Amino acid sequence: MQGARAPRDQGRSPGRMSALGRSSVILLTYVLAATELTCLFMQFSIVPYLSRKLGLDSIAFGYLQTTFGVLQLLGGPVFGRFADQRGARAALTLSFLAALALYLLLAAASSPALPGVYLLFASRLPGALMHTLPAAQMVITDLSAPEERPAALGRLGLCFGVGVILGSLLGGTLVSAYGTKGAKTDAQAPLPGGPRASVFDLKAIASLLRLPDVPRIFLVKVASNCPTGLFMVMFSIISMDFFQLEAAQAGYLMSFFGLLQMVTQGLVIGQLSSHFSEEVLLRASVLVFIVVGLAMAWMSSVFHFCLLVPGLVFSLCTLNVVTDSMLIKAVSTSDTGTMLGLCASVQPLLRTLGPTVGGLLYRSFGVPVFGHVQVAINTLVLLVLWRKPMPQRKDKVR
């Protein structure tokens, strides 16, 4: 990808490539992201049933999810630093190689001749380097003008939606039909005479979180995502126990979720961002989270869940796109990848805490507790946003 090869510390301008070249690179990035996300959600649909077939109970499955979450949490910022220094093409290659290793180990885990449980846990290890979406966001950020960036990042949600739809459908259908059978220059140029920056420079990564306004935006992102993240981490268990869904039915439900996400990120957010400020969209997403939380507290069937999914998807998509855009503008061009890596660590953080915290809440209070927590946390976030509005920036700090 020529548009992602120049050293990031020089700062890229979308005008450095022809419009046709930028469009081709962006389109290829969308295709690669959609392909990888399809495979990712396919294995997300299969793993709960494979783990049950291998004899894992809900606690062991929680450990499995936590392992994957911890590895992605630790790997996200480091992957971002690697992307800043080696370029988006090297980062995408690394992510795809890690994905290949994960899928090979997952396939081996289903063989009765091999130690399935050990291989299933081993298949989580490459997850530390599987960060295709942040790498794709990095390409889109570099090749899009600041005023076009929210819409361009939103269209990347189309890829996510395609991945959720196709991956969930294929995963659920395959489980039901066949079961889980047992049988840049790419490098960042160092300053003359100076030491080369390290990918594992944790001080450089942490310094981004001390920049003006970054801590508050990042905390809003984490706090608002937390309640829904806990629910979604537990969703595979909830769909089997509370909704009493079969694998194929759960796949259809996730496909509906993905379709709404695709439409929201690909069409709705782009239109809204051209008419409303990021601050207004952020407040709206938090407000809708509160309404959805109230509905979730009274939810008693899968039909009720389907009714509240549109609001849930709108809030999730809008919150993540807007906060990502704000955080990208708050850092220098050379730190875009690292910041996107930190943003990508939010979901792994929730997957790390989710199986334990979510499992405890679910067993103790049932499904309504996720709605109560969502209302409480997002009400506090909305009060904070109203008292001290987020800054409006035109472009990234240079």
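Colleague: Lay out a nonpolar patch on the surface with the relevant residues and their values.
Modeller: Among the surface-exposed residues, Leu259, Val263, Leu267 and Val268 lie close enough to one another that they form a single nonpolar patch of about 310 Å² accessible area. As for its placement among the helices and strands, leucine 259 is situated in helix α10 (residues 247-273).

Colleague: I'd like a rundown of the side chain of serine 315, residues and numbers included.
Modeller: For serine 315, the location among the structural elements is in helix α12 (residues 302-330). Owing to a relative accessible area of 0%, serine 315 belongs among the buried residues under this scheme. Within the structure, the side chain of serine 315 is placed 3.0 Å from the backbone oxygen of serine 285, a separation counted as a polar contact. Once residues lying within four places of it in the same chain are set aside, the contact partners of serine 315 are Ser285, Val288 and Phe289.

Colleague: Please set out the nonpolar core residue by residue, giving values where relevant.
Modeller: In terms of nonpolar packing, the biggest core is built from 102 residues, with Phe231, Ile238, Met299, Phe305, Met339 and Phe370 touching the most fellow members. Per-element tally for this core: the top contributor is α12, with 14 residues. Contacts of isoleucine 238, omitting those with residues within four sequence positions, involve Phe231, Phe243, Tyr362, Val367 and Phe370.

Colleague: Describe in detail the packing of aromatic side chains, supporting the description with residues and values.
Modeller: Inspection of every chain in the model, using the stated rule, returns 7 aromatic pairs. Centre to centre, the rings of phenylalanine 243 and phenylalanine 305 are 5.7 Å apart; their planes meet at 40 degrees, and the pair counts as tilted. In this pair, phenylalanine 243 sits in the loop between α9 (235-241) and α10 while phenylalanine 305 sits in helix α12, placing the two residues 62 residues apart along the sequence. Judged by relative accessible area, phenylalanine 243 falls into the buried class, the value being 9%. Residue classification places phenylalanine 305 among the buried residues on the basis of a relative accessible area of 2%. Within the aromatic cluster, the residues linked to one another by ring pairs are Phe231, Phe235, Phe242, Phe243, Phe305 and Phe370.

Colleague: Let's hear about the packing of helix α8 (residues 214-233) against helix α11 (residues 278-297): which residues, and what values?
Modeller: Taken N-terminus to C-terminus, the directions of α8 and α11 make an angle of 25 degrees; their axes are 12 Å apart at the nearest point. When the axes of α8 and α11 are compared, the pair comes out roughly parallel. As for how α8 packs across α11, the hand of that crossing is left-handed. Of α11, the residues touching α8 (which contributes Val220, Ser224, Thr228 and Phe231) are Leu282, Val286, Phe289 and Met296.

Colleague: Which residues make up the environment of valine 164, and what values do they have?
Modeller: Positionally, valine 164 belongs in helix α6 (residues 149-178). By relative accessible area, which is 1% here, valine 164 ends up buried. Taking the C-alpha atoms as reference points, valine 164 and methionine 42, 122 residues apart in sequence, are found 8.1 Å from one another.

Colleague: Got a sec to walk through helix α5 (residues 132-143)? Specific residues and values, please.
Modeller: Counted at 1.5 Å a residue, the expected span for α5 with its 12 residues is 16 Å, and the 17 Å between its end C-alpha atoms agrees. The buried count for α5 comes to 11 of 12 residues, which makes it a mostly enclosed element.

Colleague: Which residues make up the side chain of glutamine 374, and what are the values?
Modeller: Note on placement: glutamine 374 falls in helix α15 (residues 368-387). Here the side chain of glutamine 374 touches threonine 228 through a polar contact of 2.5 Å, side chain to side chain.

Colleague: Tell me about the packing of helix α3 (residues 88-109) against α5, and name the residues and values.
Modeller: Between α3 and α5, whose axes approach to 9 Å, the crossing angle comes to 165 degrees. With respect to α5, the element α3 is oriented roughly antiparallel. Where α3 crosses over α5, the handedness of that crossing is left-handed. Contacts from Ala88, Ala91, Leu92, Ser95 and Phe96 in α3 reach Thr132, Ala135, Ala136, Met138 and Val139 in α5. The residue makeup of the contact of α3 with α5, split by class, is 8 nonpolar, 2 polar and no charged.

Colleague: So what about α3? Which residues, and what values?
Modeller: In a regular helix each residue adds 1.5 Å, so 22 residues correspond to 32 Å; α3 covers 32 Å between its end C-alpha atoms and thus fits that length. Taken residue by residue, α3 has Ala88, Ala90, Ala91, Leu92, Ser95, Ala98, Ala99, Leu102, Leu106 and Ala109 as its buried positions.

Colleague: Before we move on, could you go through the pattern of salt bridges and cite the residues and values that matter?
Modeller: Where charged atoms from two side chains of opposite charge approach closely, those side chains can pair. A complete count under the given rule lists 3 salt bridges for this structure. Ionic pairing is found between lysine 221 and aspartate 324, a salt bridge with its closest N-O pair at 2.8 Å. With lysine 221 in helix α8 and aspartate 324 in helix α12, the pair connects residues that are 103 residues apart, well separated along the chain. The same class applies to lysine 221 and to aspartate 324, which are both buried.

How each quantity is defined
- Residues numbered from 1 in each chain as written.
- Predicted model: local features only at pLDDT ≥ 70, side-chain atom pairs only at ≥ 80, totals over all residues.
- Heavy atoms only, no water.
- Patch = residues over 30% accessible without salt bridge, like charges linked within 9 Å, V, L, I, M, F, W, Y side chains within 5 Å.
- Areas by Shrake-Rupley, 256 points an atom, 1.4 Å probe, with all protein chains shown as cover.
- Salt bridge = Lys/Arg side-chain N within 4 Å of Asp/Glu carboxyl O.
- Helix = DSSP H or I, 4+ residues; strand = E, 2+ residues; numbered from the N terminus.
- Buried < 20%, exposed > 50% of the residue type's maximum accessible area, 1.4 Å probe, protein only.
- Polar contact = N/O pair within 3.5 Å; in protein donor to acceptor, adjacent residues only side chain to side chain.
- Contact = heavy atoms within 4.5 Å.
- Core = buried A, V, L, I, M, F, W, Y, C linked by side-chain atoms within 4.5 Å.
- Phe/Tyr/Trp six-rings, centres within 6.5 Å; stacked < 30°, edge-to-face > 60°.
- Axes fitted to C-alpha atoms, helices over the stretch in contact; angles between N-to-C directions.
- Parallel < 35°, antiparallel > 145°, perpendicular 65-115°, else oblique.
- Left-handed = near helix turned anticlockwise from the far one by under 90°.
- Expected span 1.5 Å × (residues − 1).
- Nonpolar A, V, L, I, M, F, W, Y, C, P; charged D, E, K, R; others polar.

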